[in-house]
Amino acid sequence: MLAATRLRFPHARRAVVAHLPPRPPSSRLAIAPFSRCVAPGGTIAGTRSFAASATSRDDGGANAASRRPAEDEGDQSAIPADELTSVGSHEKAHEHAVISTFDLFSIGVGPSSSHTVGPMRAGKIFIGDLDHLGLLEKVKTVKITLYGSLAATGKGHHTPQAILLGLEGSDPETIDTGTIPSRYASILDNKTLLLGGRHHITYDMDRDMVWRWDQVLRTHPNGMRFSAFGEDGELLATNEYFSVGGGFVVNEKTKVDENLFYKGVDKSVVHGARLHQTHNSEPGPGEAPPAPDSIQPPYPFVSGDSLLALTKKHNMTIAQIVYDNELHFGYSHEDIHEKLMRIWSVMDGCIRTGVSSAEEKLPGRLGLRRRAPMLYRRLMRGFYPGLASPDLQQLGAGQSMDAGRIDAPDGFAAHSGSAPLENGNGFGGRISASRPTRVIGTLDHPVTPMPPRKTMIPAMDFLSCYAIAVNEVNASGGRIVTSPTNGAAGVIPAVLKYIVEFVSDDPERSVVTFLLTAAAVGMLFKRGSTISAAEGGCQAEVGVACSMASAGFAACMGASPETVLQAAEIGIEHNLGLTCDPIDGLVQVPCIERNSLGAVKAVTAAQLSMASQNVYSVTLDEAIEAMRLTAADMSVKYKETSLSGLARTVKIPLTVPAC
């Protein structure tokens, strides 16, 4: 349990919204100083004010964020959103990059790791602290203030749902994803919240949740403040949390023992090595080696160069380095294997769910059509039994087919003249008869038009299908593996699935090698730059995932550690500057397709590195630093705020809802 100092009490200098009755949207809520918190209906003291409520944003979605609310003169801890230029400052203070693989890869819920998973964890931590301090039963209402990117795109990222269900005691890894919509609707309709799963309070969304998309707290753009009030409107406790990407949550005053290094909500069950991490540098010439530190991992690394030096010094692969560090975190050999297989099982299950979904559209105003089931059927060769369409044959072992021929989409196949084909799985299929080809263009021209052709390029076709499947599940709020974020959760599973199905002759060993190697690269980005789109744009999500997957692919192909890190560098170098401008604040466009391209790019980067024979000009460390500088220079409009780019130019509803 955390000490009581994690919560700030009424004698602190910071003001919060008083417990007041609802006002019209045009009015502003007054702030009472801590010495004069007022009860409902009481006299209002003080001169500070917040924006009225969530109702100040209409149903126009995230694009409405461009309409700035009334200025908040009194919140001294907040600054204008465009004045926060530091990137990764919460990470730089820590001396090495090593965290647990199972904190970097964690099972959660879509659609966002920073806007859904992190806020849900923060809500549960806050309630756990109130309960530990004996304050939970005294709470009559809770005020929630969202800042920066959390406020700008929180509606489309399900941030309100996540926080409220976290306050009710739910955890991202175990929550039943199918119950989220109904539970959230019940809270809104009944205006009640069951804190910690047992204490009923009144909760009015319009009054008790404040959206400050024009301001950020100084630590991170994804800031949130929770304040609990008692019977007479007195402030019981308040705390601020920051969702720094990948589902990690930190606190301004207790960064180290908060969730910077791990994602649990109860420290009493966490191994001490995951909470308190230090780093002893290598001894200099003539110096005696330091005494073994029971706290630090056996192979701490702070950069790609130091990681490479460790592999050379100890004659180990990157995966072996990470594996031995996991043993230090209190896991047994059986634990590590079981957890890695569990992560892969959820990833694989997510792909299966995506390609077999019967739903036609994703949730949200875009009306985006699901494409993974159609893409999977068009590939004709299914790896999941029973998913082949009746109109498309499912090929079994020993069968072959002209790689240049793909049947027409559903509804266009000509069934007359086609003969049934018995495939290896016992399912009958049909091959469509050929039909006339429509050629667009003038035939009597010196440049004759090209007839339409369809080709099957297995790597790109399957990689794209797998990645799109995962991100469609994520966009619908399904079970997902944060890897390293939810917005980029399709890249790593797609590449690993391709290795397992098409490349590897030992799938389990490939899964272990891939995930551990990718985790090492993810750790370097988490420490050296950021994995939060609110800090660095999409280069911090899809870019980092592409780099991690590139390294994992190269490792599974038996590449040397130096080549593996070169693959990671190529993966991020060609994603530098990638912006995050989700349309309508939803993790759909361009996010879903971007994962598909990230997966293809990851394999290409690995192939380039292996063909280069360790001849390269840019190191991974230099690329990570370049990403950090790019993130610092990037406008806040392109950092998950939906204020510019595609979010501004694309009209809703979409003219082409399958884009």
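What counts, and where the lines are drawn
- Residues numbered from 1 in each chain as written.
- Predicted model: local features only at pLDDT ≥ 70, side-chain atom pairs only at ≥ 80, totals over all residues.
- Heavy atoms only, no water.
- Helix = DSSP H or I, 4+ residues; strand = E, 2+ residues; numbered from the N terminus.
- Buried < 20%, exposed > 50% of the residue type's maximum accessible area, 1.4 Å probe, protein only.
- Contact = heavy atoms within 4.5 Å.
- Areas by Shrake-Rupley, 256 points an atom, 1.4 Å probe, with all protein chains shown as cover.
- Core = buried A, V, L, I, M, F, W, Y, C linked by side-chain atoms within 4.5 Å.
- Pairing = 2+ DSSP bridges.
- Axes fitted to C-alpha atoms, helices over the stretch in contact; angles between N-to-C directions.
- Phe/Tyr/Trp six-rings, centres within 6.5 Å; stacked < 30°, edge-to-face > 60°.
- Patch = residues over 30% accessible without salt bridge, like charges linked within 9 Å, V, L, I, M, F, W, Y side chains within 5 Å.
- Salt bridge = Lys/Arg side-chain N within 4 Å of Asp/Glu carboxyl O.

### Remarks on the overall build of the chain
Of regular secondary structure, the chain possesses 21 helices and 16 strands. Counting across all 659 residues of the chain, residues that qualify as buried make up 56%. For the chain, long-range pairs separated by at least 24 residues make up 73% of all intrachain contacts whose partners lie at least 6 apart in sequence. Surface exposure of the chain reaches about 26,600 Å², of which carbon and sulfur atoms provide 53%.

### Description of the environment of A631
Tracing the chain through its elements places A631 in helix α20 (residues 620-633). Taking relative accessible area as the criterion, A631 reaches 0% and is therefore assigned buried. Along the sequence, A631 and G537 sit 94 residues apart, while their C-alpha atoms lie 6.9 Å from each other.

### Focus: the nonpolar core
With 110 residues, the main nonpolar core has F105, F301, V495, L515 and F525 as its most contacted residues. Excluding anything up to four places from it in sequence, L515 contacts T101, F105, L340, I343, M347, I492 and L496.

### Points about the sheet that holds strand β13 (residues 248-250)
With mixed pairing, the five strands of this open sheet are ordered in space as β9-β6-β11-β12-β13. At either end of the open sheet lies a strand with only one pairing partner, and these are β9 (209-212) and β13. Averaged over neighbouring strand pairs, the angle between their axes works out to 25 degrees when direction is ignored. Inspection of the sheet shows strand β12 (residues 235-245) paired to β13 by three bridges, in the antiparallel sense. Bridge pairing in β13 links F242 to V250. The strands touched by helix α3 (residues 113-132) within the sheet are β11 (223-229), β12 and β13, with β12 carrying the most contacts at an inclination of about 150 degrees. The strands touched by helix α5 (residues 159-167) are β6 (141-147), β9 and β11; relative to β6, the strand with the most contacts, the crossing angle is about 145 degrees.

### Some thoughts on the packing of aromatic side chains
By the definition in use, this model includes six aromatic pairs. When the centroid spacing of 5.2 Å and the interplanar angle of 85 degrees are considered together, the rings of F102 and Y331 count as edge-to-face. Here Y331 lies in the loop between α10 (318-328) and α11 (333-356) and F102 lies in helix α2 (residues 101-104), a separation of 229 residues in the sequence. Residues F226 and Y241 carry aromatic rings whose centres are separated by 5.6 Å and whose planes lie at 45 degrees to one another, so their mutual orientation is tilted. Taken together, the residues F226 in strand β11 and Y241 in strand β12 connect sequence positions 15 residues apart. Owing to a relative accessible area of 0%, F226 belongs among the buried residues under this scheme. What makes Y241 buried here is its relative accessible area of 0%. An aromatic cluster of at least three residues, connected via ring pairs, comprises F462, Y466, Y498 and F502.

### A few points about a nonpolar patch on the surface
Taken together, the side chains of F502, V503 and M557 make up a nonpolar region of the molecular surface, amounting to roughly 230 Å² of accessible area. Here F502 shows up in helix α14 (residues 491-503). Here F502 falls in the partly exposed class, since its relative accessible area comes to 31%.

### Some remarks on the environment of A97
Examined against the element boundaries, A97 turns out to sit in the loop between α1 (89-92) and α2. Under the relative-accessibility criterion, A97 is labelled buried at 4%. Counting along the chain gives 424 residues from A97 to V521, while the straight-line C-alpha distance between them is 9.7 Å. Residues in contact with A97, not counting those within four places in the same chain, are F301, V302, M523, L524 and R527.

### Looking at the pairing of strand β7 (residues 192-195)
By the alternation rule, side chains of β7 split into L193 and L195, which are all buried, and T192 and L194, of which none is buried. When β7 meets strand β8 (residues 199-202), the two strands line up antiparallel, connected through four bridges. Within β8, the residue paired with L195 across the bridge is H199. In this structure, the hairpin formed by β7 and β8 is closed by a connection of three residues, where G196 is found at a positive phi of approximately 60 degrees.

### A look at the pairing of strand β5 (residues 106-109)
Of the two faces of β5, both are covered, the one formed by S106 and G108 as well as the one formed by I107 and V109. Pairing between β5 and strand β16 (residues 479-482): four bridges, direction antiparallel. Paired with I107 across the bridge in β16 is V481.

### Side note on the side chain of T563
Within the secondary structure layout, T563 lies in helix α18 (residues 561-573). Judged by its relative accessible area of 8%, T563 is buried.

### Things to note about the pattern of salt bridges
All told, the structure shown has 16 salt bridges when counted by the stated rule. Ionic pairing is found between R212 and D214, a salt bridge with its closest N-O pair at 2.8 Å. Taken as a pair, R212 and D214 share a single burial class, namely buried. A salt bridge links R370 to E359; the nearest nitrogen and oxygen atoms lie 3.2 Å apart. Of the two residues, R370 is situated in the loop between α11 and α12 (372-378) and E359 in the loop between α11 and α12; the sequence distance between them amounts to eleven residues. Several salt bridges converge on common partners, so that one network encompasses D131, E137 and R198.

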